[in-house]
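Report on the structure
Each chain, written out:
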Amino acid sequence: MAAVAAVSVGGLILDDRVLLGAPIWLKPLKFALSFMLYGVAWAWLIALMPKRSRTLQAASAVIILTSIVEMAILLTQTVRGRESHFNSTTETDAMLFELMGITIAVFWVATLVGSVVIGARRIAPRPENLAIRLGLGISLVGMLLGIPMTTRDSMREGFSGTHSVGVVEGGPGMPLTAWSTTGGDLRIPHFVGLHALQVLPLIALALTVLAARYAVLRAEEVRYRMVWTAGVVYAGLIALVTWQAFRGQPLLRPDWLTLAALAVLIGAGAAGVSWAKAGRKELVTA
């Protein structure tokens, strides 16, 4: 995936073709970076396992194979100058998109199996272990958030699905991500949910590092509760951006309802931090 990312950067420099208003090599670059982050996280989790698991090895092999197939199709369509997702305008395009759907479904099942194997073991201290379990669970839900894109009616003939809500695909988008700046975009909750696998364990590790400086974090119970708080807030954030996208609202142009929901989420996070800090006092009292 690192090699594909490098090739994609070269494509951005040398190939001036544009697809749906964005450089044609931007999509394979984003997918390559996402797969790369996923692969590093998954390899780290496997390394934490105390003993080898044949089930986990098999699931990981399937994840590798399906990732390669998914990227190969995406690169094929990029070179052809065709859209890879939702495209049924020709028999070849429809066949490749259907194959991508089957591949990603197998990828999800393999991730589920591997997640069950990893989640069933305690492979790290309590806060980090909780972060791993929450990250695995939320990322599986994040993958499923891609399904609504395939079931929505497209405003374009020959396309069976869309990630845009309230606008036609190909309009103005944010830099790098290309998320719509004029309507809702279902890629946002999909992205945020998918990368819980990296974000939550990193938060737990950051809390462990910060414990050397801040005495309140030295109690494992406090860090454990902080991870719970982070997980709940992160899940709430996914729900918020999903709701925002389905209402046809751009990420950076929230209305008062979205802002009010965000305020509630921030309040819940603050309450969670207070609850976590109280864990230290409870330990002292005990």
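Everything below is about the structure shown above.
Treat the numbers as computed from the prediction; the structure is a model and nothing was measured.

Remarks on the overall build of the protein
For the protein, the helix and strand inventory stands at 10 helices and 4 strands. In the protein, the order of α-helices and β-strands from amino to carboxyl end is α-β-β-α-α-α-α-α-β-β-α-α-α-α. Here the C-alpha radius of gyration of the protein, 21 Å, is about what a compact globule of 286 residues would show, namely 19 Å. When the 286 residues of the protein are sorted by exposure, 43% land in the buried category. Taking as baseline every contact in the protein between residues at least 6 positions apart, the subset at least 24 positions apart corresponds to 67%. Summing over all exposed atoms, the protein offers an accessible surface of approximately 14500 Å²; the carbon and sulfur share of this is 69%. Distance from the positive charge centre (24 side chains) to the negative charge centre (16 side chains) of the protein: 15 Å.

Considerations on helix α9 (residues 220-246)
Over its 27 residues, α9 extends 39 Å from the first C-alpha to the last, a length consistent with the 39 Å expected when each residue adds 1.5 Å. Looking one or two places after α9, you find Gly-248, whose phi comes out positive at around 75 degrees.

Thoughts on the nonpolar core
Soluble globular proteins tend to bury their nonpolar side chains together. In this structure, Tyr-38, Trp-42, Leu-45, Ile-118, Ile-132, Leu-136 and Leu-197 are the most contacted members of the largest nonpolar core, which totals 25 residues. For this core, the elements supplying multiple residues, two or more each, are α1 (2-14), α2 (26-48), α3 (54-80), α4 (91-119) and α5 (126-144). For this core, the leading source of residues is α2, giving 7 residues. Residues in contact with Ile-132, not counting those within four places in the same chain, are Trp-44, Leu-45, Leu-48, Ile-118, Ile-123, Ala-124 and Pro-201. Counting residues in each nonpolar core, the second largest holds 24 residues, with Met-174, Trp-179, Val-227 and Ile-238 among its members.

Quick word on the packing of α5 against helix α8 (residues 196-210)
Interhelical geometry of α5 versus α8 gives an angle of 165 degrees and a closest axis separation of 7 Å. When the axes of α5 and α8 are compared, the pair comes out roughly antiparallel. The handedness of the crossing between α5 and α8 is right-handed. Side by side, α5 and α8 meet where Pro-127, Glu-128, Ala-131, Ile-132, Leu-134, Gly-135, Leu-136, Ile-138 and Ser-139 of the first sit next to Ala-196, Leu-197, Leu-200, Pro-201, Ala-204, Leu-205 and Thr-208 of the second. Looking at the contact of α5 with α8 residue by residue, the classes come out as 12 nonpolar, 3 polar and 1 charged.

Digging into unusual backbone geometry
Of note in this structure, Leu-20 is not a glycine but carries a positive phi near 55 degrees. The exposure class of Leu-20 is partly exposed, given its relative accessible area of 31%. Of note in this structure, Leu-176 is not a glycine but carries a positive phi near 70 degrees. With respect to the secondary-structure elements, Leu-176 resides in the loop between β3 (164-165) and β4 (184-185).

Details of α1
When the terminal C-alpha atoms of α1 are compared, their 18 Å separation across 13 residues agrees well with the 18 Å that a helix rising 1.5 Å per residue should span. Here α1 has its buried residues at Val-4, Ala-5, Ser-8 and Gly-11. Summarising the axial view, the buried residues of α1 lie within an arc of 115 degrees, below the 170-degree limit, and thus occupy one face. Facing away from the buried surface of α1 by more than 90 degrees, the exposed residues are Ala-3, Ile-13 and Leu-14. Looking at the packing, one finds that the buried side of α1 touches α2 and α3.

Definitions and cut-offs
- Residues numbered from 1 in each chain as written.
- Predicted model: local features only at pLDDT ≥ 70, side-chain atom pairs only at ≥ 80, totals over all residues.
- Heavy atoms only, no water.
- Helix = DSSP H or I, 4+ residues; strand = E, 2+ residues; numbered from the N terminus.
- Rg over C-alpha atoms; globule rule 2.2 N^0.38 Å.
- Buried < 20%, exposed > 50% of the residue type's maximum accessible area, 1.4 Å probe, protein only.
- Contact = heavy atoms within 4.5 Å.
- Areas by Shrake-Rupley, 256 points an atom, 1.4 Å probe, with all protein chains shown as cover.
- Lys, Arg positive; Asp, Glu negative; His and termini not counted.
- Charge placed at Lys NZ, Arg CZ, Asp CG, Glu CD.
- Expected span 1.5 Å × (residues − 1).
- Core = buried A, V, L, I, M, F, W, Y, C linked by side-chain atoms within 4.5 Å.
- Axes fitted to C-alpha atoms, helices over the stretch in contact; angles between N-to-C directions.
- Parallel < 35°, antiparallel > 145°, perpendicular 65-115°, else oblique.
- Left-handed = near helix turned anticlockwise from the far one by under 90°.
- Nonpolar A, V, L, I, M, F, W, Y, C, P; charged D, E, K, R; others polar.
- Arc of directions from axis to C-beta.

All we've got here are geometric facts, nothing functional implied.
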